[in-house]
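The lines below spell out each chain.
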Amino acid sequence: KVLSVKNWKSKGFLEKVAEQSADSHLKITLKVENPEEILARTKECQSKFKNSKVSQECLIIEAKTELKLQQYEKAEKQFTTLMSQVKDANKVQPILLMRSDARNKLGRLDDSVHDLFQYQTMTEFKDADITQTILQHYWFKRDTQHLDTLLKNPKVCAGKNAEACE
């Protein structure tokens with residue numbers, strides 16, 4: 001049965017069509033391999049579909065592509081924007097790691113380690129290698145305040161990093 005014209009004009013129908021259009025745009029963008037074309041499509045996505053759920057996904061793709069292209073300042077800015085928008089902790093965690101990478105490449109080591117620390121806090125210090133990186137950073141900076149706080153945390157001192165806590 002074909003929808004009546006009355007249904008075509010309803011707000012719900014128009015919103016659904018707009019969301020499907022945004023979703024299709026995202027699916028095509030995900031298949032593109034040329035980084036410059038990816039950036040063009042993600043910018044278009046963000047301007048055309050501002051209020052869509054897809055807009056945030058396009059911003060993530062844009063930031064990842066900029067990171068891959070070694071456009072670290074742009075990537076860091078996009079990841080920072082995302083940090084203020086994303087509420088889902090599962091999405092925040094990888095964004096923190098990618099922003100940390102961009103900040104590290106920009107020579108902003110304190111900011112990079114701060115992102116790693118936030119990530120580790122969210123994941124309850126499950127990645128021993130990242131914890132070790134954080135500990136080493138504070139050790140080399142002779143930042144005893146942060147070191148003492150970390151070393152008092154039993155999750156930091158578990159497993160591979162137990163030796164650092166002795």
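Use the structure listed above.
Below you will find a few notes about this structure. Quick caveat, the model's predicted, so the values are computed rather than measured.

## A closer look at the overall build of the protein
Part 1: Counting secondary structure elements, the protein contains nine helices and zero strands.
Part 2: For the protein, the sequential pattern of α-helices and β-strands runs α-α-α-α-α-α-α-α-α.
Part 3: Counting all 166 residues of the protein, 37% fall into the buried class.
Part 4: Of the roughly 10900 Å² of accessible surface on the protein, 53% is carried by carbon and sulfur atoms.

## Examining the nonpolar core
Part 1: Grouped together as the largest cluster of nonpolar side chains are 26 residues, with contacts concentrated most on Leu 67, Phe 79, Leu 82, Ile 95, Ile 134, Tyr 138 and Leu 150.
Part 2: Elements that contribute at least two residues to this core include exactly α4 (53–68), α5 (72–85), α6 (89–105), α7 (109–122), α8 (128–140) and α9 (144–151).
Part 3: Residues contacting Leu 67, with those up to four places away along its chain left out, are Tyr 72, Ala 75, Phe 79, Met 98, Asp 101 and Ala 102.

## Comments concerning the pattern of salt bridges
Part 1: Within the structure shown, the criterion is met by 11 salt bridges.
Part 2: Between Glu 76 and Arg 108 there is a salt bridge, with its nearest N and O atoms 3.6 Å apart. Linking Glu 76 in helix α5 with Arg 108 in the loop between α6 and α7, this pair joins segments that are 32 residues apart in sequence.
Part 3: For Asp 115, the salt bridge identified is with Arg 99, shortest N-O distance 2.7 Å. Of this pair, Asp 115 sits in helix α7 while Arg 99 sits in helix α6, and the two are 16 residues apart along the sequence. The burial state of Asp 115 is the same as that of Arg 99; both residues are buried.
Part 4: When salt bridges with common partners are traced through the structure, they connect Glu 76, Arg 99, Arg 103, Arg 108, Asp 111 and Asp 115 into a single cluster.

## Details of α4
Part 1: Across its 16 residues, α4 extends 24 Å between first and last C-alpha, which sits within 8% of the 22 Å expected from 1.5 Å per residue.
Part 2: Along α4, the residues that are buried comprise Val 54, Ser 55, Cys 58, Leu 59, Ile 60, Ile 61, Glu 62, Ala 63, Thr 65, Glu 66 and Leu 67.
Part 3: Downstream of α4 by a residue or two, Gln 70 has a phi angle that is positive, lying close to 65 degrees.

## Overview of the side chain of Glu 66
Part 1: Following the sequence through the fold, Glu 66 ends up in helix α4.
Part 2: No salt bridge is formed by the buried Glu 66; the nearest opposite charge belongs to Lys 43, separated by 4.1 Å.

## Side note on unusual backbone geometry
Part 1: Although it is not a glycine, Gln 70 sits at a positive phi angle of roughly 65 degrees.
Part 2: Tracing the backbone through its elements, the reader meets Gln 70 in the loop between α4 and α5.
Part 3: Within the chain, Arg 142 stands out as a residue other than glycine whose phi angle is a positive 60 degrees.
Part 4: Structurally, the position occupied by Arg 142 is in the loop between α8 and α9.

## Things to note about the packing of helix α3 (residues 35–48) against α4
Part 1: Two numbers describe how α3 lies on α4: the axes approach to 9 Å, and their chain directions differ by 150 degrees. Classified by the angle between their axes, α3 and α4 sit roughly antiparallel to one another. Helix-helix and strand crossings are classified by hand; for α3 and α4 the assignment is left-handed. On α4, the residues that touch Pro 35, Ile 38, Leu 39, Thr 42, Lys 43, Cys 45 and Gln 46 of α3 are Val 54, Ser 55, Cys 58, Leu 59, Ile 61, Glu 62, Thr 65 and Glu 66.
Part 2: Partitioned by chemical class, the residues of the contact of α3 with α4 number eight nonpolar, four polar and three charged.

## Description of the packing of α4 against α6
Each pair of packed helices can be described by the angle between their axes along with the distance between the axes.
Part 1: At a minimum axis distance of 11 Å, the contact between α4 and α6 shows a crossing angle of 25 degrees. When the interaxial angle is binned, α4 and α6 end up roughly parallel. Crossing of α4 over α6 shows left-handed handedness. Two secondary-structure elements touch here, α4 through Gln 56, Glu 57, Ile 60, Lys 64 and Leu 67 and α6 through Lys 91, Ile 95, Met 98, Asp 101 and Ala 102.
Part 2: Considering only residue class, the contact of α4 with α6 consists of five nonpolar, one polar and four charged.

About the cut-offs
Counting restarts for each chain: residues are numbered from 1 in the order of the written sequence. Local features in this predicted model are restricted to residues whose pLDDT is 70 or higher, and side-chain atom pairs enter the listing and the counts only when it is 80 or higher, whereas totals over whole chains, interfaces and linings include all residues. Neither water nor hydrogens contribute to the side-chain values; these are computed over all heavy atoms in the structure. Numbering goes from the N terminus for both helices and strands, where a helix is a DSSP run of H or I of at least four residues and a strand is a run of E of at least two. Note on exposure labels: buried denotes an accessible area under 20% of the residue type's maximum, exposed denotes more than 50%, and partly exposed covers the range between, all computed with a 1.4 Å probe on protein chains only. Reported accessibility uses the Shrake-Rupley method at a 1.4 Å probe radius. Residues are deemed covered only where the shown protein chains occlude them. Throughout this description, the term nonpolar core refers to a set of buried Ala, Val, Leu, Ile, Met, Phe, Trp, Tyr and Cys residues connected via side-chain atoms within 4.5 Å. Whether two residues are in contact is decided by their heavy atoms: any pair within 4.5 Å suffices. By definition here, a salt bridge exists when the distance from a side-chain nitrogen of Lys or Arg to a carboxyl oxygen of Asp or Glu is within 4 Å. Expected helix span is computed as 1.5 Å times (number of residues minus one). The charge count treats Lys and Arg as positive and Asp and Glu as negative. His and the chain ends do not count. With axes taken as lines fitted to C-alpha atoms, and helix axes fitted only over the stretch in contact, angles between N-to-C directions fall between 0 and 180 degrees. When an angle is under 35 degrees it counts as roughly parallel; over 145 it counts as roughly antiparallel; between 65 and 115 it counts as roughly perpendicular; any other value is oblique. If you view the pair so one helix is near and one far, a crossing is left-handed when the near helix is turned anticlockwise from the far one by less than a right angle, and right-handed when it is turned clockwise. Classification used: nonpolar for Ala, Val, Leu, Ile, Met, Phe, Trp, Tyr, Cys and Pro, charged for Asp, Glu, Lys and Arg, polar for all others including Gly.

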